[in-house]
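Survey of secondary and tertiary structure
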Amino acid sequence: MAEEVESGRQITDANEAVASVAFRLAEMVVIYPITPSSPMAEFCDEWAAAGKTNLWGETPSITEMQSEAGVAGAVHGALQCGSLVTTFTASQGLLLMIPNMYKIAGQLIPFCMHVTARSIATHALSIFGDHSDVMACRGTGFAMFVSNSVQEAHDFALLATAVSYESRVPFLHFFDGFRTSHEVNSYDLIGDEILEKMLSPLALEAFRLRALNPDMPVIRGTAQNPDVFFQGRERVNEFYNAVPALLQKSMDRFAALTGRRYKLYEYVGDSNAEVVFVAMGSGAETVEETIMDLNGRGARLGLLKVRLYRPFSAELFSANLPRTTQTLIVLDRTKEPGSLGEPLYLDVVGAIAEARTDGFLPANFLPAVHGGRYGLGSKEFSPAMVKGIVDAAASGKLRRHFTVGINDDITHISVPYDESYSLPAVDGEFSALFYGLGADGTVGANKNTIKIIGHETGNFAQAYFVYDSKKSGGMTVSHLRFGPKPIRAPYLIEKAQFIGCHQFEFLKKFDILERAASGGVFLLNAPHGPEEIQRHLRRSCLEKILKLNLQFYIIDAYKVATASGMERRINTIMQTCFFAISGILPRERAIAAIKKSIEKTYAKKGQAVVDKNFACVDQTLANLHRVTLDPSQLSEEEPSSCCHCCRCPMSQFVKDVTIPLLKGCGETLPVSALPVDGTWPTDTVKYEKRNIAQEVPQWDSELCIQCNRCALVCPHAAIRAKFYPAESLENAPEHFQSVEFRSRENPGCRYSVQVSPEDCTGCGLCVEVCPARSRNEGGKKALSLVPRTDVVDVERENFKFFGQLPQPPLEKLSNDVKGSQFRQPLFEFSGACAGCGETPYVKLLTQLFGDHLIIANATGCSSIYGGNLPTTPYCKNLEG
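Residues numbered from 1 in each chain as written. Predicted model: local features only at pLDDT ≥ 70, side-chain atom pairs only at ≥ 80, totals over all residues. Heavy atoms only, no water.

Considerations on the overall build of the chain
Counting its secondary structure elements, the chain contains 28 helices and 28 strands. For 880 residues, the compact-globule estimate of 2.2 N^0.38 gives 29 Å, and the chain sits close to it at 30 Å. C-alpha extents for the chain along the principal axes are approximately 90 × 65 × 60 Å. Counting over 880 residues, the chain shows a buried share of 56%. For the chain, long-range pairs separated by at least 24 residues make up 78% of all intrachain contacts whose partners lie at least 6 apart in sequence. When the accessible surface of the chain is totalled, it reaches about 37,700 Å², and 52% of it is carbon and sulfur. (Helix = DSSP H or I, 4+ residues; strand = E, 2+ residues; numbered from the N terminus. Rg over C-alpha atoms; globule rule 2.2 N^0.38 Å. Buried < 20%, exposed > 50% of the residue type's maximum accessible area, 1.4 Å probe, protein only. Contact = heavy atoms within 4.5 Å. Areas by Shrake-Rupley, 256 points an atom, 1.4 Å probe, with all protein chains shown as cover.)

Shown next as structure tokens:
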């Protein structure tokens with residue numbers, strides 16, 4: 001056997017924590033990647049490739065199938081052969097496994113799958129978390145076991161697997177997608193010796209003996225007639241009846257080994273509570289923290305945490321319910337339209353009714369049961385919302401069925417809440433927020449930061465990352481907490497002592513300092529020096545820095561990165577700034593820890609990459625400046641402008657819905673503002689203007705050979721070519737470029753190549769593909785990359801004018817590379833990653849077939865770059 005895994009505190013996310021257990025308890029891992037469970041599969045694949053072994057000293061085999069349905073079939077087959085198998089999935093992928101799940105459960109085959117619970121696509125796709133997917137599996141016969149935190153996810157991965165083999169009932173172990181799966185937190189690692197003690201050798205041997213074997217042939221999966229099917233279906237009852245006792249016994253054994261004690265249905269709070277919540281998943285942690293605070297102020301509240309959802313035990317549930325309960329508030333993180341109530345609510349109502357009948361509860365125990373929906377699609381669920389529910393219950397205004405966290409102005413069932421309420425600060429706990437751009441390295445750096453702090457200071461640590469669906473090119477917000485006590489806070493930071501803004505453009509669109517704590521620190525990556533930065537900040541931002549008495553630091557991180565050969569990767573630079581400013585660690589110790597982390601992270605990419613990162617660290621502090629603002633020199637407030645496009649007026653829908661979404665104010669939109677069936681207008685991406693490129697192409701009209709390859713290859717239609725009558729230039733901006741169009745068929749026309757600097761992603765493909773080179777200046781082409789900030793004002797006006805120029809008549813255009821790029825693209829400025837290889841083809845299709853084209857989309861990247869709110873890149877021609 002290889003070296004055993006030993007217990008000890010770790011700092012990783014729940015995906016890695018679960019995969020660590022699943023890998024060591026498996027002989028075979030069958031995978032198909034799907035957000036947000038992919039990391040578990042990726043970890044297992046990586047460990048197997050590195051030769052890591054399982055509990056029995058063997059490296060598990062990793063098999064990637066072509067769909068989740070294929071995974072389920074492969075799992076079923078391997079289980080029938082007696083292999084110890086696991087898999088990971090979520091959302092639509094889980095739904096594709098349901099037919100095989102019925103078979104696996106019906107044949108009483110032990111097995112544990114791990115699910116990062118996620119939304120199901122309904123009126124729209126959501127890659128984010130709730131319980132919609134797992135609730136669709138209630139009838140499969142799988143036991144359903146839910147964990148609320150990173151530690152529980154790690155521990156329950158073992159408990160679910162061990163009890164499955166003992167009970168013969170397959171387990172679906174689930175935890176909240178993103179909110180738990182991607183939360184980095186401190187937890188105690190289960191060593192191999194505990195894994196071994198928790199598994200029953202007799203149960204494993206019995207499982208192997210039941211495997212299909214040609215030496216002892218049997219048949220499974222027969223077709224049965226009405227005479228026996230019903231009886232056979234009922235034959236499994238005793239196995240399900242035994243699950244709760246077996247699982248609690250396993251939990252007790254686990255507590256004796258680790259000191260971590262769990263109950264299937266665990267009550268916390270006032271022993272004589274009159275108002276009691278029932279919840280499962282990460283939301284239970286939020287409820288617990290909130291009611292403990294309120295109880296400390298004189299309230300009498302309780303929470304019953306459900307961990308074993310299937311099979312649901314009415315006896316154990318009712319045994320843990322205070323007999324003083326008058327109001328029972330059941331929280332579900334899913335929605336079942338048309339149902340009398342959501343799943344957990346219905347089970348609780350049924351359990352209470354049965355418990356009264358069976359004598360587990362007094363006959364006069366008749367609490368008012370309320371069912372609430374929260375947190376769909378990873379919607380935030382905060383302590384303020386919990387208090388809002390408590391206040392509504394106390395006032396007698398809590399509806400039988402309600403929602404919280406939204407403003408339902410249609411059916412009026414939403415619970416109002418005071419957003420200013422927050423839990424008291426924990427002594428010694430530090431919180432920080434970092435605003436970055438997808439793929440700029442911010443998230444990766446913060447994952448390293450939280451691990452450095454946890455390991456170097458001994459603090460408990462937590463990190464959670466809010467992603468835009470676009471991922472690359474979308475805004476990321478990193479929420480970091482660390483302190484002397486375990487951190488149980490599965491909700492966003494409201495006030496942070498440190499704010500890091502890694503993209504200067506964000507200040508023009510968002511209120512980055514909205515969550516800054518008074519007396520805190522503000523670190524800004526800016527392309528301006530300390531003497532001139534004040535002139536480039538909006539008045540509202542400057543006033544907030546002064547009002548909150550923030551320590552204000554700036555650095556031109558992209559300048560440092562370029563000088564170090566790191567191009568756009570600013571993560572190491574901003575991480576170094578954080579440690580230098582915050583004082584969390586002594587500066588030299590922090591830098592040593594950063595360099596150690598760099599070596600660990602990038603060693604496999606070669607020493608050159610490591611050296612470049614080291615150079616970034618060494619150059620950072622010399623370029624970090626503290627800025628003292630002059631209150632007497634505040635700038636005038638700039639008007640908020642989201643659109644520089646002239647092609648059509650802004651509709652009322654765009655004003656009322658799209659623009660608030662673009663400003664990050666979607667949380668405030670009421671239910672009535674949204675389309676009833678998920679139908680949204682197109683031609684809206686022109687209002688976005690992301691301004692994410694550091695460099696944009698600049699056209700040299702004298703060198704251009706008018707091949708239009710640049711426009712063809714651009715993944716975002718951010719560079720365009722057009723020919724037009726010369727008289728169209730009458731009102732052209734001063735710096736607008738044009739040359740004579742080389743065409744016998746179109747004499748007297750001019751030709752222009754124009755870039756939209758605010759929509760370009762700076763991928764440089766247009767420069768790379770450009771064949772026109774200068775004979776006199778080596779390497780100079782008709783297109784060259786220049787800093788966006790140097791040209792954005794001029795080129796914005798140029799692009800606006802370019803859009804007003806007449807489109808060439810279609811009958812004059814050929815269907816070759818050059819002719820196709822004179823046609824208006826009806827797919828523009830998509831949210832695809834910089835340099836995407838797919839979107840140029842989508843764009844070209846819209847140019848060749850225009851308004852005759854119908855596109856049907858399934859899922860994957862095309863769903864995000866092609867239809868991710870708040871805007872869509874599919875647009876309209878001049879005829880609409």
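Examining the packing of aromatic side chains
On inspection of all chains with the given rule, the structure shows 34 aromatic pairs. Taken together, a centroid distance of 6.3 Å and an interplanar angle of 55 degrees make the contact between Phe 178 and Tyr 467 tilted. In this pair, Phe 178 is assigned in the loop between strand S7 (171-176) and strand S8 (184-189) and Tyr 467 in strand S18 (residues 460-467), connecting sequence segments 289 residues apart. Owing to a relative accessible area of 22%, Tyr 467 belongs among the partly exposed residues under this scheme. When the centroid spacing of 5.3 Å and the interplanar angle of 75 degrees are considered together, the rings of Phe 434 and Phe 578 count as edge-to-face. Linking Phe 434 in strand S17 (residues 430-437) with Phe 578 in helix H19 (residues 571-582), this pair joins segments that are 144 residues apart in sequence. (Phe/Tyr/Trp six-rings, centres within 6.5 Å; stacked < 30°, edge-to-face > 60°.)

Describing H19
Spanning 12 residues, H19 covers 16 Å between terminal C-alpha atoms, matching the ideal 16 Å at 1.5 Å per step. Those residues of H19 not exposed but buried are Asn 571, Thr 572, Ile 573, Met 574, Gln 575, Thr 576, Cys 577, Phe 578, Phe 579, Ala 580, Ile 581 and Ser 582. Phi turns positive one or two residues past the end of H19, at Gly 583, with a value near 75 degrees. (Expected span 1.5 Å × (residues − 1).)

Things to note about helix H17 (residues 539-547)
Listed as buried for H17 are Cys 541, Leu 542 and Ile 545. In an axial view of H17, the angular spread of the buried residues amounts to 100 degrees, which keeps them on one side of the axis. Phi for Asn 549, located one or two positions after H17, is positive at around 55 degrees. (Arc of directions from axis to C-beta.)

Some words on the packing of helix H1 (residues 14-24) against helix H6 (residues 150-167)
The contact between H1 and H6 brings their axes to 8 Å, and the two run at 15 degrees. It follows that H1 is roughly parallel to H6 by the angle criterion. As for how H1 packs across H6, the hand of that crossing is right-handed. For the pair formed by H1 and H6, the contact residues are Ala 14, Ala 17, Val 18, Ser 20, Val 21 and Arg 24 on the first element and Val 150, Ala 153, His 154, Ala 157 and Leu 158 on the second. (Axes fitted to C-alpha atoms, helices over the stretch in contact; angles between N-to-C directions. Parallel < 35°, antiparallel > 145°, perpendicular 65-115°, else oblique. Left-handed = near helix turned anticlockwise from the far one by under 90°.)

Section: the sheet that holds strand S21 (residues 516-525)
For sheets, the rule is that strands pair by backbone hydrogen bonds, running either parallel or antiparallel. Spatial ordering of the open sheet is given by S1-S8-S18-S19-S17-S20-S21-S22-S23, a layout of 9 strands whose pairing is mixed. Across the chains shown, the open sheet's two edge strands, defined by having one partner strand only, are strand S1 (8-13) and strand S23 (625-627). Between one strand axis and the next, the sheet turns through 25 degrees on average, direction left out of account. In terms of strand pairing, strand S20 (residues 496-501) meets S21 through 5 bridges, oriented parallel. Note that in S21 the partner of Cys 501 across the bridge is Leu 524. (Pairing = 2+ DSSP bridges.)

Notes on the nonpolar core
Ranked by size, the top nonpolar core spans 108 residues in total, and within it Leu 172 and Phe 317 carry the most contacts. For Phe 317, the contacting residues outside a window of four places in its chain are Tyr 265, Val 278, Leu 304, Val 306, Phe 312, Val 348, Ala 351 and Ile 352. Residues Val 560, Ala 580, Ala 590 and Ile 598 belong to the second largest nonpolar core, which totals 45 residues. (Core = buried A, V, L, I, M, F, W, Y, C linked by side-chain atoms within 4.5 Å.)

Re a nonpolar patch on the surface
Taken together, the side chains of Ile 406, Ile 410 and Val 671 make up a nonpolar region of the molecular surface, amounting to roughly 220 Å² of accessible area. Checked against the element boundaries, Ile 406 lands in the loop between strand S15 (401-404) and strand S16 (414-415). For Ile 406, a relative accessible area of 34% corresponds to the partly exposed category. (Patch = residues over 30% accessible without salt bridge, like charges linked within 9 Å, V, L, I, M, F, W, Y side chains within 5 Å. Salt bridge = Lys/Arg side-chain N within 4 Å of Asp/Glu carboxyl O.)

Examining the sheet that holds strand S13 (residues 327-332)
Strand order in the open sheet made by the 7 strands is S9-S11-S10-S13-S14-S15-S16, with mixed pairing throughout. Single-partner strands in this sheet number two, and they are strand S9 (265-269) and S16. Sheet analysis places S13 next to strand S14 (residues 368-373), joined by 6 bridges and oriented parallel. If you follow Val 330 over to S14, its bridge partner there is Gly 371. On the sheet, helix H11 (residues 282-295) packs against S9, strand S10 (275-279), strand S11 (301-306) and S13 and is oriented at approximately 160 degrees with respect to S11.

Looking at the side chain of Glu 68
Considering the arrangement of structural elements, one finds Glu 68 in helix H3 (residues 68-80). There is no salt bridge for the buried Glu 68, and the closest opposite charge comes from Arg 118, which lies 7.6 Å off by N-O distance. Beyond its immediate chain neighbours, meaning those up to four positions away, Glu 68 contacts Tyr 32, Pro 33, Ile 34, Thr 89, Gly 93, Leu 96 and Met 97. (Lys, Arg positive; Asp, Glu negative; His and termini not counted.)

Overview of a negative patch on the surface
On the surface, a cluster of negative charge is made up of Glu 4, Glu 6, Glu 193 and Glu 196. Relative to the assigned elements, Glu 6 resides in the segment before S1. On the accessibility criterion, Glu 6 (60% relative accessible area) is exposed. (Charge placed at Lys NZ, Arg CZ, Asp CG, Glu CD.)

What about the packing of helix H20 (residues 587-602) against helix H21 (residues 607-620)?
The geometry of H20 relative to H21 is characterised by a closest axis approach of 9 Å and an angle of 160 degrees between their N-to-C directions. As the angle between them shows, H20 and H21 are arranged roughly antiparallel. The handedness of the crossing between H20 and H21 is right-handed. Facing Ile 591, Ile 594, Lys 595, Ile 598, Glu 599 and Tyr 602 of H20, the residues of H21 in contact are Val 609, Val 610, Asn 613, Phe 614, Val 617 and Asp 618. Among the residues making up the contact of H20 with H21, the classes are represented as 8 nonpolar, 1 polar and 3 charged. (Nonpolar A, V, L, I, M, F, W, Y, C, P; charged D, E, K, R; others polar.)

With respect to the side chain of Ser 738
Relative to the elements of secondary structure, Ser 738 occurs in the loop between strand S25 (719-725) and strand S26 (739-740). On the basis of relative accessible area, Ser 738 is assigned to the buried category, the value being 17%. Leave out the neighbours within four places in its chain, and Ser 738 touches Trp 699, Tyr 724, Leu 729, Arg 750, Tyr 751 and Ser 752.

Brief notes about the pairing of S18
Each regular strand carries side chains that alternate between the two faces of the sheet. Burial runs high along S18: 6 of the 8 residues are buried. Two strands pair when backbone bridges link them, and S8 and S18 are joined in this way by 2 bridges, in the antiparallel orientation. Note on S18: the bridge partner recorded for Asn 185 is Gln 462. Relative to strand S19 (residues 475-483), S18 runs antiparallel, the two sharing 8 bridges. The partner of Tyr 467 across the bridge, within S19, is Thr 476.

Re the environment of Ser 147
Here Ser 147 is to be found in the loop between strand S6 (143-146) and H6. Sequence separation between Ser 147 and His 173 is 26 residues; the distance between their C-alpha atoms is 7.6 Å. Not counting residues within four places of it along the chain, the set of residues in contact with Ser 147 comprises Glu 152, Ala 153, Phe 156, His 173, Phe 174, Phe 175 and Gly 281. In this structure the side chain of Ser 147 is engaged in a polar contact, spanning 3.0 Å, whose partner is the side chain of His 173. (Polar contact = N/O pair within 3.5 Å; in protein donor to acceptor, adjacent residues only side chain to side chain.)

Digging into the environment of Ile 352
Relative to the elements of secondary structure, Ile 352 occurs in helix H13 (residues 343-357). By relative accessible area, which is 4% here, Ile 352 ends up buried. As for Ile 352 and Ala 314, which are separated by 38 residues in sequence, their C-alpha atoms are 7.0 Å apart. Setting aside residues no more than four positions away along its own chain, Ile 352 makes contact with Phe 317, Leu 321, Leu 328, Leu 361, Phe 365, Pro 367 and Val 369.

Topic: unusual backbone geometry
Residue Thr 35 is joined to Pro 36 through a cis peptide bond whose omega torsion reads 0 degrees. Mapped onto the elements, Pro 36 comes out in the loop between strand S2 (28-31) and helix H2 (38-49). Note that the residue after Arg 310, namely Pro 311, is joined by a cis bond; omega there is -5 degrees. Relative to the helices and strands, Pro 311 resides in the loop between strand S12 (308-310) and helix H12 (314-319). Within the chain, Asn 549 stands out as a residue other than glycine whose phi angle is a positive 55 degrees.

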